[in-house]
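Residues per chain are reported as follows:
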There are 8 protein chains.
Amino acid sequence: QRCGFGEVIYGEGKSAALITEIARRLLPQQREVLVTRCESQVAEQVANDFACHRYDDVARTLRLSESPLDAPSLEASSETSSANGSRVAVVCAGSTDLPVAREAAETLAWMGIRVDRIDDIGVAGPQRLLAVVDRLRLARAIVVVAGMEGALPSAVAGHVAVPVVAVPTSVGYGASLGGWTALLGMLTSCASNVSVVNIDAGFKGGYVAGLIASQGDPAC
Amino acid sequence: QRCGFGEVIYGEGKSAALITEIARRLLPQQREVLVTRCESQVAEQVANDFACHRYDDVARTLRLSESPLDAPSLEASSETSSANGSRVAVVCAGSTDLPVAREAAETLAWMGIRVDRIDDIGVAGPQRLLAVVDRLRLARAIVVVAGMEGALPSAVAGHVAVPVVAVPTSVGYGASLGGWTALLGMLTSCASNVSVVNIDAGFKGGYVAGLIASQGDPAC
Amino acid sequence: QRCGFGEVIYGEGKSAALITEIARRLLPQQREVLVTRCESQVAEQVANDFACHRYDDVARTLRLSESPLDAPSLEASSETSSANGSRVAVVCAGSTDLPVAREAAETLAWMGIRVDRIDDIGVAGPQRLLAVVDRLRLARAIVVVAGMEGALPSAVAGHVAVPVVAVPTSVGYGASLGGWTALLGMLTSCASNVSVVNIDAGFKGGYVAGLIASQGDPAC
Amino acid sequence: QRCGFGEVIYGEGKSAALITEIARRLLPQQREVLVTRCESQVAEQVANDFACHRYDDVARTLRLSESPLDAPSLEASSETSSANGSRVAVVCAGSTDLPVAREAAETLAWMGIRVDRIDDIGVAGPQRLLAVVDRLRLARAIVVVAGMEGALPSAVAGHVAVPVVAVPTSVGYGASLGGWTALLGMLTSCASNVSVVNIDAGFKGGYVAGLIASQGDPAC
Amino acid sequence: QRCGFGEVIYGEGKSAALITEIARRLLPQQREVLVTRCESQVAEQVANDFACHRYDDVARTLRLSESPLDAPSLEASSETSSANGSRVAVVCAGSTDLPVAREAAETLAWMGIRVDRIDDIGVAGPQRLLAVVDRLRLARAIVVVAGMEGALPSAVAGHVAVPVVAVPTSVGYGASLGGWTALLGMLTSCASNVSVVNIDAGFKGGYVAGLIASQGDPAC
Amino acid sequence: QRCGFGEVIYGEGKSAALITEIARRLLPQQREVLVTRCESQVAEQVANDFACHRYDDVARTLRLSESPLDAPSLEASSETSSANGSRVAVVCAGSTDLPVAREAAETLAWMGIRVDRIDDIGVAGPQRLLAVVDRLRLARAIVVVAGMEGALPSAVAGHVAVPVVAVPTSVGYGASLGGWTALLGMLTSCASNVSVVNIDAGFKGGYVAGLIASQGDPAC
Amino acid sequence: QRCGFGEVIYGEGKSAALITEIARRLLPQQREVLVTRCESQVAEQVANDFACHRYDDVARTLRLSESPLDAPSLEASSETSSANGSRVAVVCAGSTDLPVAREAAETLAWMGIRVDRIDDIGVAGPQRLLAVVDRLRLARAIVVVAGMEGALPSAVAGHVAVPVVAVPTSVGYGASLGGWTALLGMLTSCASNVSVVNIDAGFKGGYVAGLIASQGDPAC
Amino acid sequence: QRCGFGEVIYGEGKSAALITEIARRLLPQQREVLVTRCESQVAEQVANDFACHRYDDVARTLRLSESPLDAPSLEASSETSSANGSRVAVVCAGSTDLPVAREAAETLAWMGIRVDRIDDIGVAGPQRLLAVVDRLRLARAIVVVAGMEGALPSAVAGHVAVPVVAVPTSVGYGASLGGWTALLGMLTSCASNVSVVNIDAGFKGGYVAGLIASQGDPAC
Ligand SMILES: Nc1ncnc2c1ncn2[C@@H]1O[C@H](COP(=O)(O)O)[C@@H](O)[C@H]1O
Ligand SMILES: Nc1ncnc2c1ncn2[C@@H]1O[C@H](COP(=O)(O)O)[C@@H](O)[C@H]1O
Ligand SMILES: Nc1ncnc2c1ncn2[C@@H]1O[C@H](COP(=O)(O)O)[C@@H](O)[C@H]1O
Ligand SMILES: Nc1ncnc2c1ncn2[C@@H]1O[C@H](COP(=O)(O)O)[C@@H](O)[C@H]1O
Ligand SMILES: [Mg+2]
Ligand SMILES: [Mg+2]
Ligand SMILES: [Mg+2]
Ligand SMILES: [Mg+2]
Ligand SMILES: [Mg+2]
Ligand SMILES: [Mg+2]
Ligand SMILES: [Mg+2]
Ligand SMILES: [Mg+2]
């Protein structure tokens, strides 16, 4: 397995005991274990059992290791980032898309990949996207997270030459159909460089983008 | 009926004889009759019976009158238009959306309303929309016609302060769902100034926009 | 931005602190801020921070300002209104549609537009609509709010010559499909002057109607 | 079987030979056989074999008998009918709904029940329905045929005290969904006296209404 | 209004105060008021205000009057009923369909129509239906309530010559789709004498059946 | 592979040349090759190349072999069959379901399994099923083919103790949804012994039933 | 009823009293009664009334008898089972599918049929399935339980010659559609030996597989 | 635009004249133009106008240039390929998926990327995939094309560490839903390295995979 990234535990509906047991079994083979969709109470119980841990309560992700965890390179605010040399950009349309975008970013941090995070650049305010185009062009792959009509991936993709991984979110009401409208819009994007993952699948969006960025890594 | 616009004949599935009969009945009460969804062979038969007529074979619309029809003000090409003072802009995303956009434009011409036509400014080529923003700001209402992911109405609406009437088209394949993806996207637009009509409903899009523009008409 | 109306905060899922922060940022640029989908407990906390405020617990809207808010011109009861000269009529089919109709009316009040409110004129009791046709003809745009089969916009539109903005509601059970049956019916309305917004989107219905009415305003 | 009405042949996809064979088998037990969804070429072949026959090329129905067929009491035009004492009214919203309405009327004629036929009274022209309310009140059951938003059954039902059988038609495009929008609207009708049959099911609509009218028949 | 049956209050989401107010307004014009979908706590509060009342906690219906309510003729158990001369039969497939069947029966009782109630005769136990065919043949109309695959109306309809009103219920899981599978099956019934109302619409099923039975009433 | 049955060629969209080539490749390993969904013109071309062949133009199946094909044991008419000892019964609801039932029967004949064929016993004529219950009880598995509301599998299953394989057909219109209503009904059957295959999948229905019957074969 | 298996009580929404009453009525005719979808509190109350009982809190099944219950032959762990001679294998894709797989296994135990249980062999880890192929080949029928994309039944079916009964589960999010994606995938399986039951229908999957295995039982 | 790949013409519904005109406009800026969804008659007319051209009648793609086109490196047969060093593998499940797989391969050839083509390795024959795992591990990205239940991408993804781009096809009938079942299955794949494009979108699948493979190209 060239540049493989180990296994991930899907936390939904698993007890703290079960997560601990699976993580214990995995740790000898991989430096760090990622748990996704992990509620804070469960995370607290699990964390006690491991030397090093990091829980993100927005993303609901838990990272576990026996050696110190790297400080994450991701910067949540769009104003301050000097993301020169970043490998993957993770952008989102509105503030309600944040948890999914953070799950993508934490997944990339777990993979050891540099991340540039940009929030709240939905298409209704077109100048916001225009202001960050140069930063987006530094990335080897871009994760775009959006709910409602899901138009942001098309808009981003028109400005760059790298693969865009679109992640629809279940944000919205009525005709949003719990994320289906965004999913459908992303699948029919008129931009050629867009592929799509499941609704709210921040983990998968981050993972695929991380794999793409790794293809350019001479060490792999 | 203040500034009313007369009746329109929905041509789909009607014989030439039936259309002629209805048009004859309507003409005493209104200067000009519009027939929509009218096939060219049917139009040819109907036209013979009226002093003045205009058939648009892209829009599949037929206009009938006993007095000369105004030369339409609409200009199909985006390059040459000096649309200062235009009342309604009709824009579309791709060349396959053209028949629906033309149906909207012919409807507006029949209403006696000035039109500015702009084609092929889909979101995948973002600079194309930016280049026409000034023209769009001259309109009192904008009809936006788009298929696929239907993102153009949101993108246009972010640049203007007038009502945008979104018309989804059945262009596309697979996840386009015969226009439903565009329709859903337009209904969930994050822009506040967007309302929506039925799939491929160029007539209705044009009619509603024409009514809106007429609200600002001191003669009404 | 000619006759623009400022930004609106979508309150769903936002904390009181976040709403307060955004409203504080917006107030220097606009006289009054509107918050939609705002729960009463959140509204109470936010309101304390502003000199002037008005919370409508049916509409779940909150208006915030540093200068006194105009007394709203809307009158909820259909009996007493002398709505001569009103600009936008907001009607609804049944008493369960009330919250959505009120959200539309509060949005129009925030825009500074005169409103005529008429309730409970669903198609099953045909004489109720006939009794208010004259009042409806005074409006420059009409918002029609209805659930179940969503037939009211067609019925209203047949009596007037101005744009009707139809707002489907999620009222009903079984084949109502959470508002989809009403939405579909409104999109396929056989009346030409009907356009549609998202399910339960009282804000958008009011906003679009307000924009339409403003087109006739010589000050814009 | 009290006041039973014999068997009916569903003609779709059946050969002339097969229809003839089934009709021959049924005729000894019932005075007259009805074939629905029967194409004209098939009908022509079948008719030759029977002493008496009547084919309606709008309804695509064929009636077969060995004894003379009653002249049908139905009158297709709304202007001339003096339908005093009629038992079932069959109304439709637009001219494209005609074939389904005629199938219902022919079914009722085959059942020996008096019919009053009224066309083109869709909700967008509200005065058309008001003009025929008195005629509608003479019926013991009413079949209402409508496509698009399917609002006519609710509108009719509000004016009468007898059962309304609603028949949705597949007329329309886009959000009409091949008759589903009309079907859904009819199922969620806010009028209590409406029940529904399948899309384009003119036969069933007529048959159920005929059965209802027969309940009041002292001979049954 | 020949043999009309007064108005009914749809209780869902209405406060006790509002229901009381509407009922007070209606009582002068009708002997008895029916409230459907009324929770027991609400019913208790409302009942106190009226001289005579009857609440059915399975059907969730409340009947209100100022004069004594007739003892209902309906008998819930299939074993003991001697329903000779009954006017409407109300049958259901399984015990989970009971609340909907009871709502239909209470509606008929409120209309003053004799009812025969038969439970638990679903198609998987075919001898159960065969055992009650004679009783079913005594009715002028039959309400059939069923969830899951909704096959019972077809099976019942094959044994009788009167109209069957089918009421699908939301009972079941997975492919039951909350009642849609039953609804679709009923709409496509191969029996000619079946019409359909909304999912869980016991009120409407009972009301339509009651109207049908009344057509045979010489007093109307 | 104990009692395996060889490969089958799905003929849809394959040329005669391609089918011939694949069949030639398979014949050395299996006594007989089955081609399903094979149009008659294609079948004619293919058949010429093989010593023995049998084409069923209702089922659109083609059987190919180099040694004589067993005369099929199946009897299409329900009157004459003396199906004592039959292994699988194949029943269908109406005459339009015939092609699918025949595809199932031909598949079983190809597997060398005795078949009892019974047609036209749909639930609307309940006595027709009752008349054949004894024959059905002789089978080790039953294939039930039905369109419209798809109620027949439940009705059959209530009379027997063996597995019923339900095959929905795309017969019907409107709410039949091209076979989906039948499929949904079969999946939610209240009988425990029913499993389901794809719409119009006569081959699969026959194949699974044949496998089940083979479980009781001491030779396997 | 040759080798029949008695009646089963569907516990959902039934009170302890009702379950006890039905079970009491059934026990004289069958050795053991199975209750499915039974919550633990209800089970506790019911169990007290019977001499012998077994409640499985993962499957939510309750078995009741007056004579001692056989110790179940099923073994939940895939490591230790020496399932020589087993009759039905019950496999599942992931740990979240466990409750449904257990319901199938308990149903088979109630039928007196030997079971081999194998967990967590989803297609994403292909070597896990390969490792158990020999065990699977010992079964007369296989129940395959899977959520998400539901690919496991096809993968299993490619390795065996017996009927596979596929049970989709509602595990997953977004495009999993509450089990519909798995259900659709199983219905369109390219393997010939797969039939399908309802979402989460562990009982039905087990019951049909048990019936199939019984066909090979010389005692039946 | 680093390593950009020029524009592509979507041929569906475009005339030969229009395609020629667009291609002429594009050629000065890019070495070669790709036209997708181009019918053979149209292609023939267009090709005459260009010095060099290649039309693939399975993929329905047309490549146009003024300088000689590279001989494509792709090899359609799985037997003969010595695909050492290939960059992208394009695999498909069945022979009906071929046109889509070929569109992907032609797109990659147009991008100048080496391709390894492998056909007919659907999950029902598990040994076929196992036989090519080593070849698949040589690729930097894999396009997997599949219809029906769409399980192949998950199965492939379990064997490799690079991104898999899944392309659903509209092959199949009934529950295949024109490709939706495959699309849904791919979106819910339990493998982490799978992203998805639209139904039948061979072009997009190839384009995204080509972009991914280019990320590892030191020249970009
Ligand atoms: N949030 C997530 N969404 C989708 N798949 C996930 C997620 N988290 C983990 N997975 C996948 O689920 C697998 C583990 O599932 P499990 O065995 O149930 O823990 C991992 O190998 C991942 O591929
Ligand atoms: N109730 C509502 N429904 C739909 N859109 C709304 C609503 N309220 C506000 N908005 C829109 O949402 C935007 C603000 O979104 P946000 O930045 O998430 O607060 C505003 O500019 C409005 O266009
Ligand atoms: N359970 C019910 N389902 C459907 N419609 C009902 C129901 N109960 C009452 N209705 C109808 O709703 C109308 C009253 O609605 P409302 O004015 O909201 O109380 C009555 O006239 C009935 O036609
Ligand atoms: N087969 C295809 N499927 C989806 N998108 C395509 C296809 N072929 C071309 N495109 C996209 O469509 C755009 C051209 O659209 P048009 O301007 O209509 O020719 C190209 O830039 C591609 O991104
Ligand atoms: Mg925002
Ligand atoms: Mg274009
Ligand atoms: Mg009301
Ligand atoms: Mg009309
Ligand atoms: Mg029962
Ligand atoms: Mg028949
Ligand atoms: Mg697992
Ligand atoms: Mg193959």
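These remarks concern the structure in this document. Not measured: the values here are computed from a predicted model. Residue positions within a chain follow its written sequence, with the count starting from 1. Here the convention is simple: chains get letters from A, ligands get numbers from 1, in the order in which they are written. Restriction of local features to residues with pLDDT of at least 70 applies here, the model being predicted, together with a cutoff of 80 or more for giving and counting side-chain atom pairs; totals for whole chains, interfaces and linings are based on all residues. As a convention, hydrogens and water are excluded, and side-chain values are obtained from all of the structure's heavy atoms.

### Points about the overall build of chain A
Point 1. Tallying secondary structure elements over chain A gives eight helices and nine strands in all.
Point 2. Out of the 220 residues belonging to chain A, those deemed buried represent 63%.
Point 3. Using the Shrake-Rupley algorithm and a 1.4 Å probe, accessible areas are obtained, with residue cover drawn only from the displayed protein chains. By element, 49% of the accessible surface of chain A is carried by carbon and sulfur atoms, the whole surface being about 7,700 Å². Elements are defined by DSSP. Helices are runs of H or I of four residues or more, strands are runs of E of two residues or more, and each kind is numbered from the N terminus. Partly exposed residues are those whose accessible area sits between 20% and 50% of the maximum for their type, while under 20% is buried and over 50% is exposed, using a 1.4 Å probe and protein chains only.

### Points about the packing of helix α3 (residues 98-111) of chain B against helix α8 (residues 202-215) of chain B
Residues and elements named next belong to chain B.
Point 1. Here, axes are lines fitted to C-alpha atoms. For helices the fit covers the stretch in contact, and angles between N-to-C directions go from 0 to 180 degrees. As a packed pair, α3 and α8 sit with axes 7 Å apart at the nearest point and diverge in direction by 40°. As far as their axial angle goes, α8 and α3 are oblique. Crossing angle aside, the handedness with which α3 passes α8 is right-handed. On the side of α3, the interface is formed by Val100, Glu103, Ala104, Thr107, Leu108, Trp110 and Met111, while α8 contributes Gly202, Phe203, Gly206, Tyr207, Ala209, Gly210 and Leu211.
Point 2. Per-class residue counts for the contact of α3 with α8 are nine nonpolar, four polar and one charged. Oblique is the label for any angle not under 35 degrees, not over 145, and not in the 65 to 115 range, which are roughly parallel, roughly antiparallel and roughly perpendicular in turn. The sense of a crossing depends on the near helix, which, turned anticlockwise from the far helix by less than a right angle, makes the crossing left-handed and, turned clockwise, makes it right-handed. The contact criterion used throughout is that any non-hydrogen atoms of two residues lie within 4.5 Å. Three classes are used, and their members are as follows: Ala, Val, Leu, Ile, Met, Phe, Trp, Tyr, Cys and Pro are nonpolar, Asp, Glu, Lys and Arg are charged, and the others, Gly among them, are polar.

### What to know about the side chain of Glu103 of chain E
Residue and element names in this part refer to chain E.
Point 1. On the secondary structure map, Glu103 appears in helix α3 (residues 98-110).
Point 2. Buried charge Glu103 goes without a salt bridge, the closest partner of opposite sign being Arg37 at 4.4 Å.
Point 3. Here Gly202 takes part through its backbone nitrogen, which lies 3.1 Å from a polar atom of the side chain of Glu103.
Point 4. Dropping the residues within four chain positions of it, Glu103 is found in contact with Thr36, Arg37, Ala59, Thr61, Asp200, Ala201, Gly202 and Phe203. Under the convention used here, Asp and Glu are negative, Lys and Arg are positive, and both His and the chain ends fall outside the count. Salt bridges are identified by distance alone: a Lys or Arg side-chain nitrogen within 4 Å of an Asp or Glu carboxyl oxygen. What qualifies as a polar contact is a pair of N or O atoms within 3.5 Å, subject to a donor-acceptor requirement within protein and to the restriction that residues adjacent in sequence count only when both atoms come from side chains.

### Some remarks on the sheet that holds strand β3 (residues 52-56) of chain B
Sheet strands line up and pair through hydrogen bonds in the backbone, either parallel or antiparallel.
All names here are of chain B.
Point 1. Whether two strands pair comes down to DSSP finding at least two bridges between them. The sheet built from four strands is open, its strands ordered β1-β2-β4-β3 with mixed pairing. In the strand order of this sheet, the two ends are held by β1 (8-10) and β3, each with one partner. Averaged over all adjacent pairs, the angle separating strand axes in this sheet is 15°, with direction ignored.
Point 2. Two elements, strand β2 (residues 32-36) and strand β4 (residues 61-65), share four bridges in a ladder whose sense is antiparallel. Looking at β4, one finds that Val33 is bridged to Leu64.
Point 3. Sitting on the sheet, helix α1 (residues 16-26) is in contact with β1, β2 and β4, with an inclination near 165° to β1.

### Considering unusual backbone geometry
Point 1. The phi dihedral of Asp120 of chain A is positive, around 60°, even though this residue is not glycine.
Point 2. For Asp120 of chain A, a relative accessible area of 39% gives the class partly exposed.

### Observations regarding the sheet that holds strand β3 (residues 52-56) of chain C
Residues and elements named next belong to chain C.
Point 1. Within the open sheet, the four strands sit side by side as β1-β2-β4-β3. Their pairing is mixed. Pairing within the sheet leaves two strands with one partner each, and these edge strands are β1 (8-10) and β3. Shown here is a sheet whose adjacent strand axes are inclined to one another by a mean of 15°, direction ignored.
Point 2. Contacting β1, β2 (32-36) and β4 (61-65), helix α1 (residues 16-26) crosses the sheet at an angle of about 165° to β1.

### Digging into the relation of the copies chain G and chain F
Point 1. Overlay of chain G on chain F (RMSD 0.0 Å): rotation 180°, translation along the axis 0.0 Å. Expressed as a symmetry operation, the mapping of one chain copy onto the other fits a two-fold axis.
Point 2. Comparing contact sets, 97% of the residues at the interface of chain G also lie at the interface in chain F, consistent with an isologous, same-surface contact. We place the copies in one frame by least squares, fitting the C-alpha atoms of every residue whose pLDDT is at least 70 in both.

### Description of the interface of chain G and chain F
Point 1. Each partner contributes to the interface: chain G provides 31 residues, whereas chain F provides 30 residues.
Point 2. Simply put, the buried area is the total loss of 1.4 Å probe accessible area from both parts when two parts are fitted together. It is Leu187, Lys204 and Gln215 of chain G that lose the most area in chain G upon contact with chain F, and together they represent 24% of the buried surface on that side.
Point 3. Joining chain G to chain F, the criterion identifies eight residue pairs in polar contact (both at pLDDT 80 or more).
Point 4. Sorting the residues of the side of chain G that touches chain F by element identifies α7 (180-187), β9 (194-196) and α8 (202-215) of chain G as the ones contributing at least two each.
Point 5. If you tally residues by element for the side of chain G that touches chain F, the top one is α8 of chain G, at seven residues.

### Re the pattern of salt bridges
A side chain with one charge can pair with a side chain of the opposite charge if their charged atoms come near.
Point 1. Counted under the stated rule, the structure contains 92 salt bridges over all chains.
Point 2. Salt-bridge contacts for Asp56 of chain D lead to Arg102 of chain D; the nearest nitrogen and oxygen are separated by 3.0 Å. Here the residue Asp56 of chain D occupies a position in strand β3 (residues 52-56), and Arg102 of chain D occupies one in helix α3 (residues 98-111), the gap between them amounting to 46 residues. The same class applies to Asp56 of chain D as to Arg102 of chain D, namely buried.
Point 3. What emerges from the salt-bridge pattern is a single network uniting Glu32, Arg54, Asp56, Arg63, Arg102 and Glu106 of chain A.

### Observations regarding the packing of aromatic side chains
All names here are of chain D.
Point 1. Each Phe, Tyr or Trp ring (for Trp, its six-membered ring) is paired with any other whose centre lies within 6.5 Å, and the angle between the two planes then decides the class: stacked below 30 degrees, edge-to-face above 60, tilted in between. With the rule as written, the count across this model stands at 24 aromatic pairs over all chains.
Point 2. Between Phe203 and Tyr207, the ring centres sit 5.7 Å apart and the planes meet at 45°, which makes this aromatic pair tilted. Taken together, the residues span about one helical turn, with Phe203 and Tyr207 both in helix α8 (residues 202-215) at a distance of four residues.
Point 3. By relative accessible area, which is 9% here, Tyr207 ends up buried.

### Quick word on the pairing of strand β5 (residues 88-92) of chain E
Residues and elements named next belong to chain E.
Point 1. Counting buried residues along β5, five of its five residues qualify, which places the element largely inside the surrounding structure.
Point 2. Of the strand pairs in this sheet, β5 and strand β6 (residues 115-118) are connected by four bridges, and their pairing is parallel. In the sheet register, Val91 faces β6, and the bridge partner there is Ile118.
Point 3. Pairing between β5 and strand β7 (residues 141-146): five bridges, direction parallel. Pairing of Cys92 across the sheet is with Val145, part of β7.

### A closer look at the site of ligand 1
Point 1. All residues in the neighbourhood of ligand 1 are listed as Val8, Ile9, Tyr10, Lys14, Thr36, Arg37, Glu103 and Phe203 of chain A, Tyr173 of chain G together with Cys190 and Ser192 of chain H.
Point 2. Residue neighbours of ligand 1 fall on chains A, G and H, so the site bridges chains.
Point 3. For ligand 1, a nitrogen atom lies 2.7 Å from a polar atom in the side chain of Thr36 of chain A.
Point 4. Tyr173 of chain G places a polar side-chain atom, nitrogen or oxygen, 2.5 Å from a nitrogen atom of ligand 1.
Point 5. In isolation ligand 1 has 500 Å² of accessible area, and contact with the protein removes 76% of it.
Point 6. Per element, the largest residue contribution to the shell around ligand 1 is three residues, and it comes from strand β1 (residues 8-10) of chain A.
Point 7. Looking at the shell around ligand 1 residue by residue, the class counts come to six nonpolar, two polar and three charged. The rule for a residue being near a molecule or strand is that one of its heavy atoms must lie within 4 Å of it.

### With respect to the interface of chain C and chain B
Interfaces are often described in size by the accessible area the parts lose on coming together.
Point 1. Chain C puts 30 residues into the contact, and the matching count from chain B is 31 residues.
Point 2. Summed over both sides, the interface between chain C and chain B buries roughly 2,700 Å², with carbon and sulfur atoms accounting for 58% of that surface.
Point 3. Here chain C and chain B share zero salt bridges between them.
Point 4. Our enumeration of links across chain C and chain B arrives at eight residue pairs in polar contact (both at pLDDT 80 or more).
Point 5. Looking at which element gives the most residues to the side of chain C that touches chain B, the answer is helix α8 (residues 202-215) of chain C, with seven residues.
Point 6. Its residues assigned to classes, the side of chain C that touches chain B comprises 18 nonpolar, nine polar and three charged.

### Overview of the relation of the copies chain C and chain B
Point 1. Superposing chain C onto chain B takes a rotation of 180° combined with a translation of 0.0 Å along the rotation axis, leaving an RMSD of 0.0 Å.
Point 2. When the interface residues of chain C are mapped onto chain B, 100% of them are again interface residues, pointing to one common binding face.

### Topic: the site of ligand 4
Point 1. Contacts to ligand 4 come from Cys190 and Ser192 of chain A, Tyr173 of chain B together with Val8, Ile9, Tyr10, Lys14, Thr36, Arg37, Glu103 and Phe203 of chain H.
Point 2. Between ligand 4 and the protein, one listed contact pairs an oxygen atom with a side-chain N or O atom of Ser192 of chain A at 2.5 Å.
Point 3. Here Lys14 of chain H contributes a side-chain N or O atom positioned 2.9 Å from an oxygen atom of ligand 4.
Point 4. Burial of ligand 4 by the protein amounts to 78% of the accessible area it has alone, namely 500 Å².
Point 5. If you tally residues by element for the shell around ligand 4, the top one is strand β1 (residues 8-10) of chain H, at three residues.
Point 6. For the shell around ligand 4, a count of residues per class yields six nonpolar, two polar and three charged.

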